[in-house]
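Read off the chains here:
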Amino acid sequence: MDFSDSPEEARFRAEARAWLEKHVPSERELAGMDEVERCKYWQKRKYDAGWACIRWPKEYGGRDSSAMQQVIWNQEESRLSPPTGVLSIGQGMAAPTLMQWANEEVKRKHLPPLASGEHIWCQLFSEPASGSDLAALRMRAEREGDDWILNGQKIWTSGAHYSDYGIVVVRSDPTVPKHQGLTYFFVDMKSAGIETRPIKQISGDSNFNEVYFNDVRVPDRQRLGAVGQGWQVSMTTLMHERLAIGGGGGLNTRHLFRLAEQTEIDGRPAIEDRAVRARLAHWYCREMGLKYTGYRAMTALSRGEIPGPENSISKLVGAVQSQDMASFAMDLLEFCGAVMQRDLAAGEGQLGYAFLGSPGIRIAGGSDEIMLNILAERVLGMPQDPRVDKGIPFHEIATGSKN
Amino acid sequence: MDFSDSPEEARFRAEARAWLEKHVPSERELAGMDEVERCKYWQKRKYDAGWACIRWPKEYGGRDSSAMQQVIWNQEESRLSPPTGVLSIGQGMAAPTLMQWANEEVKRKHLPPLASGEHIWCQLFSEPASGSDLAALRMRAEREGDDWILNGQKIWTSGAHYSDYGIVVVRSDPTVPKHQGLTYFFVDMKSAGIETRPIKQISGDSNFNEVYFNDVRVPDRQRLGAVGQGWQVSMTTLMHERLAIGGGGGLNTRHLFRLAEQTEIDGRPAIEDRAVRARLAHWYCREMGLKYTGYRAMTALSRGEIPGPENSISKLVGAVQSQDMASFAMDLLEFCGAVMQRDLAAGEGQLGYAFLGSPGIRIAGGSDEIMLNILAERVLGMPQDPRVDKGIPFHEIATGSKN
Amino acid sequence: MNFELSDDQKLVREQARAFLDEHCPPSVVRCILEGEEPYDRELWRGIASLGWLGTTIPVSYGGLGLSHYELCVMAEELGRATAPVPFSSSVYFAAEALLLAGSEEQKQEWLPQLAIGEAIGTLAVAEGPGRPVPSQLKTRVSSGVMSGEKYPVPDGDVADFVVVVAQDAALGKPSMFLVRGEHLNRRTIETVDRTRSHAWIEANDAPVECMGVAGQGWELLENLMNRAAVLFAWEQVGGSDAALEQARQYSLERYAFGRPIGSFQAIKHKLAHAYVNNTLARSNCYYGIWALANDAPELPLAAATARVSASQAYYYSSKENIQTHGGMGFTWEFDCQFHYRRAKLLSLAVGSETWWQERLVTAYEQANAA
Amino acid sequence: MNFELSDDQKLVREQARAFLDEHCPPSVVRCILEGEEPYDRELWRGIASLGWLGTTIPVSYGGLGLSHYELCVMAEELGRATAPVPFSSSVYFAAEALLLAGSEEQKQEWLPQLAIGEAIGTLAVAEGPGRPVPSQLKTRVSSGVMSGEKYPVPDGDVADFVVVVAQDAALGKPSMFLVRGEHLNRRTIETVDRTRSHAWIEANDAPVECMGVAGQGWELLENLMNRAAVLFAWEQVGGSDAALEQARQYSLERYAFGRPIGSFQAIKHKLAHAYVNNTLARSNCYYGIWALANDAPELPLAAATARVSASQAYYYSSKENIQTHGGMGFTWEFDCQFHYRRAKLLSLAVGSETWWQERLVTAYEQANAA
């Protein structure tokens, strides 16, 4: 057991680092660009030099690298924090789905522009009435000759307004049980009939959109998998989603230790208060547990094993902890904990921002409750809840007034 | 809002206290008696003076007192801690069931000896395969002329070995859905074919028994309610059980404060350690919340209202808290927390005893999970889990290898 | 034993609830959240016209002369409605401070105005981050004028006067002072809950009047905080019950996997825990209000007990209300955010849960040493 | 990056598990719980004959000369089996102490005997209730003889020698000493887990030998505790996994309401939480054993992190295992009690969770100050 690279890994790391240090664009170089332009700009540079999506096959724009090289590349790239965010859904979720389900023609046409950053993709799965219960989605697809006509509403779509394409799963047959009546497509987001509206969150951010489909025409050749096979195709996407989302944002214990050093309780640094110390120790242990669990996953990856359910743990533990830590940190500041006024609040109001953002982290990408179900069922092998909707035609399943 | 008695209440309290102070037997008077004898001795004295089961009608051995007078009596009696324990199931659970479901002849015959302490009753409900799911019980009753023949096993029966009678619910028809095939009896515990074995708990105590029924003959006149109505009759008993069991045993915060004053951390009293203080404060708040919830229930009672689900709360909060407090108290003693040797352990090893006893409190009288279900369903009006056994003949319901 | 509110007090609650249902629906709260107004003036006038602001102010000063029992049910209902008005500042802080420590002139000047909502008062304690310590107060009063800054001050941007605890230079100890709003520099500041306005205030040689015995400012503050803590706890319990009810209602109407999500144990037990927390907190609030209404020596312990359990209960129910709502719960459009914001704001309004835990144990020790 | 045990180390684990499955089934544990024997002698001989006791003892002293990586997987398996043997006392405490601070003679005398299980050693720190403080140790050594009492001492009733930290009268500071069992008064005492024997011991002018540098007894003890904490954490994680597995298995086999109780979310989520705790603790144990095996400066922080999370995980899984079993879970007859008792015992064996939380923050501060 050791923390150092193998000689090959070290060589690769040095090469990657050297290239990155030379080529990551400076703030000045990016001046005037919005976030989408920045990401595209940087991605194009990587693509031209053969450093884009390095684990992908060369013929689709990648480098044929190993999983471990991808991990090393990610570590090195993230050290320098170049702009990458808007590309992650297309490259991390849409692309693996295309690789597995699309025909060669589609792959050759669509994967290289994904790798180069020319095309941005988004994911259109959730609907207002189908969150945790994704397979309850209602958006309709009806066949018309060689095309399909899509009608309905999607929600929680990041980047819908700047995306070129979207992956979408829809109901092609409401008369069969819910998992059987779904079909999966990719759509041109510039198609007539698609309307996008941002959703404002309580933190004030708008990271998501609602997307309305009104008679949107999609050619049948943009179907992935067979008609009625949408659920299986979605599973490919979701498996990669769980790998893509981490503990995600929020506070960490380093922030908390620093705050406790800088804040006083009864005239002494808060870090000397044993009630504070006990809380810090508790959260630190869990954060480190996640960190080293990640190391174990990376090791498995480097040995060619498929990482297990570690990411469900990371998201579950991280989200709850981040909320409680934000609340506790605000308490440390006492009356002033509520202040979000930038010039007066500790850390420019970021505690309040973390507090308001954390409820979303506990839900996005699978709620706490769904994560616990996944761990219980898929890891511990415990039985599913009784499924009252099992085998029932979709249009006969009970729904409530809030669906 | 006030804590004092109304003038009538005060008068009653004074009367009760005066009698109690004069008549509660001294330790010397009780010397040589076992617990059962002590309880009977004291009960007989109360009965003879008209102070037994005071809320019961006079014709059944009571005093026709009000609910509030009963509360006051209980407060005054418990101040002096005379022996009462072995009578509580008969008087608190069997008697109310008889009052509601027995005919006049049975009531006149059996209630007075319950009030006088002459007869001790026990409750025979749970079975090895039916704990939380009481209605899944299997013990059979088959009709034979004017009698019923009982066969099977009951468990968790307190006091079975010294009881004169028992209330028992059994399956009289396994071919109908499970709640419909039950019938309720009272049985003479000296009947041929009844065998009792104590169950040892991990704390070393044996508060419960297994009771085996082998062709036990019970006259039909000892049936309570109609054939097949056993579930409804049981509900009467269980409603009174939930009133009878409280937070029950275990540690309280007063013990913990005292321990924290007497134990040192790094050469200072543990009570000065803020981590300790925060924990004590947390538990204290919950304990006081239970205490004042009890006051509210008593007030409701005094106004003739029926107490709500407070006792589910008390048991739920009290049991979990008692376990955590015992564990924490042992931690305060550090290495020595594990010691149960009477002459060396703090409080003569009672912490370890509380630690070992607390898992039982979390289960007896309804597990944490059942209590939460009760609160969610009966108080908050939330729906039941889907019942896969609903409407299915009992003998066709799925069972596992541990049932 | 009579550990219950009287029928009259319950009637007050019902009337308060009916009034707020009508005049303080979520749309009113949202209007303040999204707009620039510091509070809802129409609601404030309505509350004033019902006499709520003068509940515990003696009749001789223009109030209703009722007890704290009547006040606590109003607090509960205002909490339930997350009402966007400076009620707590004017009533729990300013009026209580005047009644505790005001001179006859001060009372005569301000109480009648507070009682009818013509004046708004508040209390300024904090001077930025951390737990205030009497010896370290930076705001100072010398020769009758005050200098220094205080923030956050609830409703400090709209208050006609502010009760301030400041270092009394002559004594080297804190005293309590009253300063008029017009003598302050002040600006509205952003907090986690914009439905309750807060300010940064600054005094530069602002003229002040002393309240109570000079040099006893900290003892007065402690007493005032204990009293306010009980009333805030009632507000918190009202809010917490409302958040639970919101979650419960949604869980019955929202279906997943062919059944209401409220039939899943994960949701049922979550809400049952919220119910337990709320019940324990409410019972502690009963004891707290008894201690407050009777000026009982148990007040410090009773207030801390009510305060800690109410803060915990409201945090839990407000965050799990969002969680129960799933994705919609954390959208701006849904109203779940009102309770989540308010829960945090109230939990800091008179000192954090941690602080009150510490106060609780201190009060316990003092009660048991006596 | 290679954050995993080697295939050889995993093989050691498999062999250990296979051996203990055969030679340490629940019936063996129960026999010690219910009987008068201090430990299972046959199991002890078996373990000794496999060389486990000498895992980290150099070959020159009769051991296997392997690393702590091999030792930690044995600790895990012994924890899983709740093995009733003095392994931790002899190996984590006595052998480690000799390797850290023993003189050449002491090593030559004791290590070969420890390695083959002919001698049992242990460590005595506690002198009754509370957290030991170096300046307040009552056991004293003066002119080469020791007086005082220590309890509880794990396996103190069967140990051939005891490593003791005692006040060194000549220096006024604690030193570490070795005292032979025959020079002690001792008696077996009852603890929460009778499957691991404990004693009260007393020295009356007992002859002792110094270990390590005189006056550095406390520093040695701190180091020894950090090392032992990592190994105990592995034992705890092994036990915690076994308790979870027991609960899981029962939940699949026990039916209520016509379905396995493991299909109810109350049970599923309970066990999922246990799984999360165990996984985090195990990952922290990986880091801990890396720090121990490499004598890394991160050891104090790594040990505390592993220790705290392992103590929490085992407490949770052992108590919720009983809860999952319902009524049968708290009977003497069922085996759930083994983990519940052992979890508590181990969580105190080298200092409580609270203490280690305190040590963790201290280590964090030191690491970040450096």
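Cut-offs applied
- Sequence order as written defines the numbering, with residues in each chain counted from 1.
- Going through the entries in the order they are written, you letter the chains from A and number the ligands from 1.
- Side-chain atom pairs in this predicted model are given and counted only at pLDDT of 80 or more, local residue features only at pLDDT of at least 70, and totals for whole chains, interfaces and linings cover all residues.
- For the side-chain quantities, the full set of heavy atoms in the structure was used; hydrogens and water were omitted.
- Only DSSP runs of H or I covering at least 4 residues are called helices, and only runs of E covering at least 2 are called strands; the numbering of each starts at the N terminus.
- Values of the radius of gyration come from C-alpha atoms, whereas the globule rule sets the reference at 2.2 Å times the count of residues to the power 0.38.
- Contacts: residue pairs with any heavy atoms within 4.5 Å of one another.
- Accessible areas in this description were obtained via Shrake-Rupley with a 1.4 Å probe; residue shielding takes into account the shown protein chains only.
- Two residue types count as positive, namely Lys and Arg, and two as negative, namely Asp and Glu; His and chain ends fall outside the count.
- Charge coordinates come from a single atom per side chain, which is NZ of Lys, CZ of Arg, CG of Asp or CD of Glu.
- Residue exposure (1.4 Å probe, protein chains only): buried if accessible area is under 20% of the type maximum, exposed if over 50%, otherwise partly exposed.
- Each of two parts loses accessible area, computed with a 1.4 Å probe, when they are put together; buried area is these two losses added.
- By definition, a salt bridge exists where a carboxyl oxygen of Asp or Glu is found within 4 Å of a side-chain nitrogen of Lys or Arg.
- Counting of polar contacts relies on pairs of N or O atoms within 3.5 Å, with two restrictions inside protein: one atom must be capable of donating a hydrogen and the other of accepting it, and residues adjacent in sequence are counted only when both atoms are side-chain atoms.
- Any residue that is not Ala, Val, Leu, Ile, Met, Phe, Trp, Tyr, Cys, Pro, Asp, Glu, Lys or Arg is counted as polar, Gly included; the first ten are nonpolar and the last four charged.
- An automatic or database domain assignment is the source of the domain bounds shown.
- What makes a nonpolar core is a set of buried Ala, Val, Leu, Ile, Met, Phe, Trp, Tyr and Cys residues whose side-chain atoms join them at distances within 4.5 Å.
- To get an axis, fit a line to the C-alpha atoms, keeping to the stretch in contact for a helix; angles then go from 0 to 180 degrees between the N-to-C directions.
- Reported orientations rely on four angle classes, namely roughly parallel under 35 degrees, roughly antiparallel over 145, roughly perpendicular from 65 to 115, and oblique for the rest.
- We call a crossing left-handed when the near helix sits turned anticlockwise from the far one by less than a right angle, and right-handed when that turn is clockwise.
- Aromatic rings from Phe, Tyr and Trp, with only the six-membered ring used for Trp, were paired whenever their centres fell within 6.5 Å, and each pair was classed as stacked if the ring planes differed by under 30 degrees, edge-to-face if by over 60, and tilted otherwise.
- Expected span of a helix: the number of residues minus one, times 1.5 Å.
- Directions from the helix axis toward the C-beta atoms define the arc.
- The least-squares superposition of copies is restricted to C-alpha atoms, and to residues with a pLDDT of at least 70 in both copies.
- As a per-residue measure, pLDDT tells how confident the predictor is, with possible values from 0 to 100.

Before going further, it helps to examine the overall build of chain A. Helix and strand counts for chain A come out as twelve helices and ten strands. Relative to its length of 403 residues, chain A is compact, with a C-alpha radius of gyration of 23 Å against a globular reference of 22 Å. Taking contacts inside chain A between residues at least 6 apart in sequence as the whole, the part at least 24 apart equals 69%. Carbon and sulfur atoms make up 48% of the accessible area of chain A, which amounts to about 16,500 Å² in all. Here chain A holds 47 positive side-chain charges and 53 negative ones, and the gap between their average locations is 2 Å.

Tallying secondary structure elements over chain C gives eleven helices and nine strands in all. Principal-axis analysis of the C-alpha atoms gives chain C an extent of 75 × 50 × 40 Å. For chain C, with 370 residues in total, the buried portion stands at 69%. The contacts in chain C between residues at least 6 apart in sequence include a share of 75% that link residues at least 24 apart. With an accessible surface of roughly 11,400 Å², chain C has 50% of that area assigned to carbon and sulfur atoms.

This part is about the interface of chain B and chain D. Counting residues at the interface gives 59 residues for chain B, matched by 55 residues for chain D. Here chain B and chain D share an interface that buries about 5,000 Å² over both sides, 61% of which is from carbon and sulfur atoms. When residues of chain B are sorted by the area they lose upon contact with chain D, Ile202, Glu334 and Phe335 of chain B head the list and together hold 17% of the total. The partner of Arg187 of chain D in a salt bridge is Asp343 of chain B, and the shortest N-O contact between them spans 2.6 Å. At the junction of chain B with chain D, the criterion picks out 21 residue pairs in polar contact (both at pLDDT 80 or more). Those elements giving two or more residues to the side of chain B that touches chain D turn out to be strand S3 (147-157), strand S9 (264-265), helix H10 (310-332), helix H11 (350-361) and helix H12 (368-379) of chain B. Residue contributions to the side of chain B that touches chain D peak at seven residues, all from H10 of chain B. In terms of residue class, the side of chain B that touches chain D is built from 26 nonpolar, 17 polar and 16 charged.

Splitting chain A by domain gives domain 1 (7-120), domain 2 (122-229) and domain 3 (246-379). Distance between the C-alpha centres of domain 1 of chain A and domain 3 of chain A: 29 Å.

The biggest cluster of nonpolar side chains holds 178 residues, and the ones touching the most others in it are Ile47, Trp52, Phe87, Leu114 and Ile289 of chain C. Contact partners of Ile47 of chain C, with chain neighbours within four places excluded, come to Phe19, Trp52, Leu53, Leu78, Val85 and Phe87 of chain C. If you look at the next biggest cluster of nonpolar residues, it comprises 175 residues, including Val71 and Ile155 of chain A together with Ala166 and Leu224 of chain D.

A word on the interface of chain D and chain C. Facing the four residues of chain D at the interface are four residues of chain C. Carbon and sulfur atoms make up 53% of the surface buried where chain D meets chain C, a total of about 310 Å² over both sides. Three residues stand out in chain D for area buried against chain C, namely Phe264, Gln265 and Ala266 of chain D, and they jointly supply 89% of the buried area on that side. Summed over the shared surface of chain D and chain C, the result is zero salt bridges. Connecting chain D to chain C are three residue pairs in polar contact (both at pLDDT 80 or more). For the side of chain D that touches chain C, the per-class residue count stands at two nonpolar, two polar and no charged.

Residues and elements named next belong to chain C. Packing of helix H9 (residues 299-325) against helix H11 (residues 353-369) leaves a shortest axis separation of 8 Å and a crossing angle of 150°. Considering the angle they form, H9 stands roughly antiparallel to H11. Handedness of the crossing formed by H9 with H11: left-handed. Contacts between H9 and H11 involve Pro300, Leu301, Ala303, Ala304, Thr305, Arg307, Val308 and Gln312 on the former and, on the latter, Glu353, Trp356, Gln357, Leu360, Ala363 and Tyr364. Split into classes, the residues belonging to the contact of H9 with H11 amount to nine nonpolar, three polar and two charged.

Below, the discussion takes up the packing of aromatic side chains. Here the structure, examined in full by the defined rule, presents 66 aromatic pairs over all chains. Look at Phe355 of chain B and Tyr340 of chain D: their rings are 4.2 Å apart centre to centre, the planes differ by 0°, and that puts the pair in the stacked class. With one member in each of two chains, Phe355 of chain B in helix H11 and Tyr340 of chain D in helix H10 (residues 336-349) form a pair that bridges those chains. Tyr340 of chain D carries the same exposure label as Phe355 of chain B, and that label is buried. Linked through ring pairs, Tyr292 and Tyr295 of chain A together with Phe3, Trp234, Tyr286, Tyr287 and Trp290 of chain D together constitute an aromatic cluster.

Attention shifts here to helix H1 (residues 7-23) of chain D. An α-helical turn contains 3.6 residues, so a residue and the one three or four places further along point in the same direction. Residues and elements named next belong to chain D. Compared with the 24 Å implied by 1.5 Å per residue over 17 residues, the 24 Å span of H1 between its first and last C-alpha is a close match. Within the span of H1, buried status applies to Gln9, Val12, Arg13, Ala16, Phe19 and Leu20. Buried residues of H1, viewed axially, fall in a sector of 135°; they line one side. Away from its buried face, by an angle of more than 90 degrees, H1 presents the exposed residues Asp7, Glu14, Gln15, Asp21 and Glu22. For H1, the elements touching its buried residues are helix H3 (41-49), helix H4 (68-80) and helix H8 (265-293).

In this section: the relation of the copies chain D and chain C. Its rotation angle being 180°, the transformation that places chain D on chain C also includes 0.0 Å of axial translation and leaves an RMSD of 0.0 Å. The two molecules are tied by a two-fold rotation axis, judged by turn and shift. Rotation axis and chain D: the residue whose C-alpha lies nearest the axis is Gln265 of chain D, separated from it by 2.8 Å. Most of the interface of chain D is mirrored in chain C: 100% of its interface residues are interface residues there too.

Now for the side chain of Ser317 of chain C. All names here are of chain C. Here Ser317 is to be found in helix H9. A polar contact of 2.7 Å, which involves the side chain of Ser317, links it to the side chain of Ser240. Beyond its immediate stretch of four places on either side in the chain, Ser317 contacts Ser240, Ala243, Leu244 and Ala274.

This part covers the environment of Asp215 of chain A. Residues and elements named next belong to chain A. Examined against the element boundaries, Asp215 turns out to sit in strand S7 (residues 208-219). For Asp215, a relative accessible area of 54% puts it in the exposed group. Through-space distance from the C-alpha of Asp215 to that of Asn151 is 5.4 Å; in sequence the pair is 64 residues apart. Filtering out sequence-adjacent residues up to four positions away, Asp215 remains in contact with Ile149, Leu150, Asn151 and Ala192.

All right, on to the packing of helix H8 (residues 253-262) of chain B against helix H9 (residues 274-302) of chain B then. Relative orientation and spacing of two packed helices are given, respectively, by the angle between their axes and the distance between those axes. Residue and element names in this part refer to chain B. Between H8 and H9, the shortest axis-to-axis distance is 10 Å and the interhelical angle comes to 160°. It follows that H8 is roughly antiparallel to H9 by the angle criterion. The handedness of the crossing between H8 and H9 is left-handed. Here Thr253, Leu256, Phe257 and Ala260 of H8 come into contact with H9, specifically with Val276, Leu280, Trp283, Tyr284 and Glu287. In terms of residue class, the contact of H8 with H9 is made up of seven nonpolar, one polar and one charged.

Attention shifts here to the confidence of the model for chain C. In this model, chain C carries an average pLDDT of 97, and 99% of its residues clear a pLDDT of 70 or more. Here the prediction assigns the complex a pTM of 0.95, and the interface score ipTM is 0.95.

Let us look at the environment of Val187 of chain B. Residues and elements named next belong to chain B. Among the structural elements, Val187 can be located in strand S5 (residues 182-188). Residue Val187 is classed as buried on the basis of its relative accessible area, which comes to 1%. Expressed as a C-alpha distance, the spacing of Val187 and Tyr165, which sit 22 residues apart in the sequence, is 5.5 Å. Leaving out residues up to four positions away in the same chain, Val187 has contacts with Leu124, Leu150, Asp164, Tyr165, Gly166, Val168, Phe213, Val218 and Gln222.

All right, on to helix H3 (residues 41-49) of chain C then. Residues and elements named next belong to chain C. The complete set of buried residues in H3 reads Leu43, Trp44, Gly46, Ile47 and Ala48. In the core, the buried residues of H3 are packed alongside helix H1 (7-23), helix H4 (68-80), helix H5 (87-101) and helix H6 (104-115). Two or three places before Glu42, at the opening of H3, Asp40 has a side-chain oxygen 3.3 Å from that residue's backbone nitrogen. A positive backbone phi angle near 85° is found at Gly51, which sits one or two residues after H3.

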